[in-house]
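These are the residues of each chain, in order.
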Amino acid sequence: MKILVITSVEAERAAILRGNKANPKFDVVVAGVGPIAAAIAATKALTSKKYDLVINAGIAGGFPNKADVKSVVLASEVIAADLGAETAEGFSSIEQLGFGISTIAIDHLQVKKVAEALQTAGLTTTIGPILTLSTVTGTTETTLQLTKRFPLATAEAMEGFGVALAAKEAGVPTLEIRTISNLVGPRDKAAWKIKEALSTLETVSSVLVEVF
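Residues numbered from 1 in each chain as written. Predicted model: local features only at pLDDT ≥ 70, side-chain atom pairs only at ≥ 80, totals over all residues. Heavy atoms only, no water.

Draft legend 1. Here's a closer look at the overall build of the protein. Scanning the protein for helices and strands turns up 7 helices and 10 strands. Relative to the compact-globule value of 17 Å for 212 residues, the protein shows a C-alpha radius of gyration of 16 Å, a close match. With the C-alpha coordinates of the protein rotated into their principal frame, the extents come out at 50 × 40 × 30 Å. Within the protein, the fraction of its 212 residues that count as buried is 49%. Put simply, of all contacts in the protein between residues at least 6 apart along the chain, 78% involve residues at least 24 apart. (Helix = DSSP H or I, 4+ residues; strand = E, 2+ residues; numbered from the N terminus. Rg over C-alpha atoms; globule rule 2.2 N^0.38 Å. Buried < 20%, exposed > 50% of the residue type's maximum accessible area, 1.4 Å probe, protein only. Contact = heavy atoms within 4.5 Å.)

Below is the structure:
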C-alpha cells in the first residue's frame, strides 16, 4: 500500500516523519497553507505516482465542547464552509447556488478503523465534520455563525477540502486527521498548544503505520 500524506507546513511533516520513522510506505508532502495550495500539491502528487490513500494531516482548531485541545479529530466529511455567497437572508452554500459541491463524505468504515486504533493507543479521538476555511476564525461572532450553520462541526482547518477534492477527482480514498492545538474563537496565542498538538500528531503517525 502506498499512502500520500499532505501537510501544510514543515513542522507537521517533521512530526509525521518522526512518528512513522520515515516509513517508505508514506510519502509526506508539504503543500503550503490554504485549500488552493493543498489541491495543487495533491493533484501534482497524484498525477506523478499511484497512491492507494490520501491523508490530509496536521494541527487545527477545535470547536468548543466538540474537540478538546491535544485531542484528535477524524473527518466524517470535509466541508468548504466559506464556499458560497452572502445574501440578505444569510449565507448560501455553493450547492444552494447551484454551482457545485462544498461537502465531501469520507468512507465511514475507514474512519472507524483508524479511530479505534487511535483510541486503543490512548488518544482521545472524535469523529465529525471538519470545516475548511480560507480565513481562520478569530472572533466569537464568526464562531457562533459557523456553529449555527454546522452544529456537528468538530474542527476547522485550511486545507482539507482542497486535498479531498483532488483525491475525489483522482478516484483515491481520502482521510483528514487533525490534532487540536487551540479552540475555535477569539485568537489567544497564549492558550495555543502547538507543541503539544504536534507531539500528538507524531503519535498519530506512529499508529497509522500499524493500521496500514
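Okay, back to it.
Draft legend 2. Layout of unusual backbone geometry. The phi dihedral of Ala 22 is positive, around 55°, even though this residue is not glycine. As for its placement among the helices and strands, Ala 22 is situated in the loop between α1 (10-20) and β2 (26-30). At Asn 65, a position not held by glycine, the phi torsion is positive, near 70°.

Draft legend 3. Up close: the environment of Ala 75. Its place among the elements puts Ala 75 in strand β4 (residues 72-80). C-alpha separation for the pair Ala 75 and Lys 2, spaced 73 residues apart in sequence, amounts to 21 Å. Not counting residues up to four positions away in its chain, the partners in contact with Ala 75 are Ile 106, Val 111, Gly 128, Ile 130 and Glu 176.

Draft legend 4. Focus on the packing of helix α4 (residues 108-120) against helix α7 (residues 194-211). At their nearest, the axes of α4 and α7 sit 10 Å apart, and the two run at 120° to each other. The angle between α4 and α7 falls in the class oblique. As for the relative orientation of α4 and α7, their crossing is right-handed in sense. For the pair α4 and α7, contact is made by Lys 113, Val 114, Ala 117 and Leu 118 and by Val 204, Val 207, Leu 208 and Val 211, respectively. (Axes fitted to C-alpha atoms, helices over the stretch in contact; angles between N-to-C directions. Parallel < 35°, antiparallel > 145°, perpendicular 65-115°, else oblique. Left-handed = near helix turned anticlockwise from the far one by under 90°.)

Draft legend 5. Region of the structure containing the packing of aromatic side chains. Under the definition given, this model contains 0 aromatic pairs. Directly above the aromatic system of Phe 91 lies the positively charged group of Arg 149, at a separation of 3.8 Å from the ring centroid. (Phe/Tyr/Trp six-rings, centres within 6.5 Å; stacked < 30°, edge-to-face > 60°. Lys NZ or Arg CZ within 6 Å of the ring centre and 35° of its normal.)

Draft legend 6. Expanded view of the packing of helix α2 (residues 35-48) against helix α6 (residues 160-170). Remark: α2 packs on α6, axes separated minimally by 7 Å, with the N-to-C direction vectors making an angle of 30°. Relative to α6, the element α2 is oriented roughly parallel. Our pair here, α2 against α6, has a crossing hand that is right-handed. Contacts between α2 and α6 involve Pro 35, Ala 38, Ala 39, Ala 42, Thr 43 and Leu 46 from the former and Gly 162, Val 163, Ala 166, Ala 167 and Ala 170 from the latter. Per-class residue counts for the contact of α2 with α6 are 9 nonpolar, 2 polar and no charged. (Nonpolar A, V, L, I, M, F, W, Y, C, P; charged D, E, K, R; others polar.)

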